[in-house]
Amino acid sequence: MADKLNAVKGMNDILPPESARWEALEQTVRDLMGRYAYRNIRTPIVEPTALFVRGTGQTTDIVEKEMYSFEDRLNGEQLTLRPENTPGVARAAIEHNLTYDGGKRLWYTGPMFRHERPQRGRYRQFYQLGAEALGFSGPEVDAELMLLAHQLFQTLGLRNIRVELNSLGVPSERQAHRAALIAHFQQNADQLDADAQRRLETNPLRILDTKNPAMQPLVEAAPRLLDYLGDASRRHLETVQSLLTACGVTWTVNPRLVRGLDYYSHTVFEFITSELGAQGTLCGGGRYDGLFEVLGGKPTPAVGWGMGLERVLELLKEQAGASAVPVPDAYAVIPDAAALARAMPVLQQLRAAGVGVQMHAGAADGFGSFKSQFKKADASGAAYALVFGGDELARGELTVKALRDGGGAQTTRPLDAVTAWAATLQSSAPKETPGSSRASLLPSDHGLGVPSSAPDQSN
Ligand code: ATP
Ligand code: MG
């Protein structure tokens, strides 16, 4: 036998029934984005390396050590698998002049790639959801974006997520603070770890971001950027805060919240849980008024956030417990090839009418006994078995057998009336349809939980 090949370390397969939780989450996201009038954008996974060097920042962990970069074999171009999508969205907005007629609200989701040490909540390929508002300078859009993230967590039924925010002011305010910060750290140079010593030269603000517990007292005592804000910056922050409060969102100021990225200004924020260990940041974002210029665009105010979907699903698993996985409405029991030829057109009609049907598929040497097919019908979780038996078919009929509530009740139906019958079916399976009702978004019914015992979906 040939050698077995495995997925790349830190890059995961998402398999059924787990993938159903992803689909339900994505559906909830789509509905909510629509309600806030955010429109979907899809940019390439591969971008020029220079986009991230400039747009993410030379001195960030991402650019320093986490990017999957390679040279295009044919033309030598330097390319990178996107580690985040804000630079890609900004590039696309500049390239297509998206903000020429006013602000744009956009959202995206998709895989991102970072070469990190894989652990719970930290992978080398992971999925981010992001929302970006381009061309709006007012604090109300910062608040709107935070409310959007907050409402998504609420809709999913998640609890105990705290909101931290801070302001990075504008470049001149940061410069004044930077000088004070460098002085503080230089006076205590003996307490800096190697990382911090290096950052003192490249990006001292990021020392505040350290995860080293030994450095905490020094970082706590550092000058606070908040104390360097001018009136306008202070007002911006206060407006965000009061709008959040007015909408019932509790927040705290974290003066050490700086985010790893260089292009931020004014508002920065994170949504954090204590229930996922060290990987507790579910969502991080802020205002990045400087990015468009760095990428060769016209000055354009912008604000956005990115959310790690693996972490969101992990927290759902912790908090929401079990819930349903999708099941077909009906399972088609098909004894032989002659019955199959009659059955498949009927199944097509049923599916066109919106009924979910799982078709029995046999091995090359036969279709399997009725007994084994009914076992699979039960395991599928379907409410009904549709039996295409030879005798019934000869009469132009099929047998409908209730598998769950009806306790085995059985009726025959004319083949040409089966679609009409199906239309009267009260499906008991949880369903998410575009624009689905509020009820289907409630925690007990959102389909995102973990099944305690998943029905066998194989046939
Ligand atoms: P962290 O401090 O956890 O490394 P970050 O500051 O690098 O996070 P961002 O670049 O702001 O994260 O990305 C936004 C969100 O994407 C994070 O809050 C997190 O939920 C998620 N995320 C980031 N890196 C990973 C990863 N390697 N695996 C899974 N999710 C991730
Ligand atoms: Mg990181």
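In every chain, residue numbers begin from 1 and rise along the written sequence. The naming scheme follows written order: chains are lettered A onward, ligands numbered 1 onward. Note on the predicted model: pLDDT of at least 70 is required for a residue's local features to be given, and 80 or more for side-chain atom pairs to be given and counted; whole-chain, interface and lining totals, by contrast, use all residues. To get the side-chain values, take all heavy atoms of the structure and skip hydrogens and water.

Per an unreviewed UniProt entry, the chain goes by the name Histidine--tRNA ligase and belongs to Variovorax guangxiensis. UniProt positions are given in the numbering used here, feature names are shortened, and annotations may be inferred rather than shown by experiment. Within the UniProt record for the chain, the comment given under Catalytic activity (unreviewed entry) is "tRNA(His) + L-histidine + ATP = L-histidyl-tRNA(His) + AMP + diphosphate + H(+)". Database annotation for the chain, UniProt heading Subcellular location (unreviewed entry): "Cytoplasm".

A. Representation of the sheet that holds strand β13 (residues 357–359) in the model. Here a strand pair is declared whenever DSSP counts at least two bridges between the two strands. Numbering of helices and strands runs from the N terminus, with a helix taken as a DSSP run of H or I at least four residues long and a strand as a DSSP run of E at least two residues long. Taken together, 5 strands build an open sheet; the order of strands is β13-β12-β14-β15-β16 and the sheet is mixed. Of all the strands in the sheet, the pair left with one neighbour each is β13 and β16 (410–414). Strand after strand, the sheet turns through a mean of 25 degrees between neighbouring axes, direction not considered. Pairing between strand β12 (residues 330–333) and β13: 3 bridges, direction parallel. Its bridge partner being in β13, Ala330 is matched across the sheet by Val357. The contact criterion used throughout is that any non-hydrogen atoms of two residues lie within 4.5 Å. For helices, the axis comes from a line fit to the C-alpha atoms of the stretch in contact; other axes are also lines fit to C-alpha atoms, and the angle between any two N-to-C directions lies between 0 and 180 degrees. Seen against the sheet, helix α12 (residues 337–352) touches β12, β13, β14 (384–387) and β15 (397–402) and runs at an angle of roughly 155 degrees to β13.

B. Representation of empty space enclosed by the protein. Throughout, the protein atoms alone are placed on a 1 Å grid, and a set of points is a cavity if a 1.4 Å probe fits but cannot get out or a pocket if it is open with protein on both sides within 12 Å along at least five of seven lines; lining residues have an atom within 4 Å of a point. Grid points are joined across faces, edges and corners, and a volume is the space filled by probe spheres set on the points. Counting across every chain of the model gives 1 cavity of 30 Å³ or more. In this structure, the largest cavity encloses a volume near 30 Å³. Taken together, Arg120, Gly121, Leu276, Gln279, Glu310, Arg311 and Glu314 make up the full set of residues lining the largest cavity. For this classification, Asp, Glu, Lys and Arg are treated as charged, while Ala, Val, Leu, Ile, Met, Phe, Trp, Tyr, Cys and Pro are nonpolar and the rest, including Gly, are polar. Tallied by class, residues from the lining of the largest cavity come to 1 nonpolar, 2 polar and 4 charged.

C. Highlighting the sheet that holds strand β5 (residues 104–113). Taken in spatial order, the 8 strands make up an open sheet running β1-β5-β6-β11-β10-β9-β7-β8, and their pairing is mixed. Every other strand in the sheet has two partners, leaving β1 (39–40) and β8 (252–253) as the edge strands with one partner each. In this structure, strand β7 (residues 161–167) lies alongside β8, joined through 2 bridges in parallel fashion. Bridge assignment links Leu165 to a residue of β8, and that residue is Val253.

D. Layout of the nonpolar core. Membership of the largest hydrophobic core comes to 84 residues, with the highest contact counts inside it found for Tyr38 and Trp305. The element that contributes the greatest number of residues to this core is helix α5 (residues 139–155), accounting for 8 residues. Nine residue types can take part in a nonpolar core, namely buried Ala, Val, Leu, Ile, Met, Phe, Trp, Tyr and Cys, and a core is a set of them joined through side-chain atoms within 4.5 Å. The rule is simple: take the accessible area with a 1.4 Å probe, protein chains only, and divide by the maximum for that residue type; under 20% is buried, over 50% is exposed, in between is partly exposed. Core analysis: the next-biggest nonpolar cluster, separate from the first, contains 20 residues, Ile334, Ala339, Leu350 and Ala422 among them.

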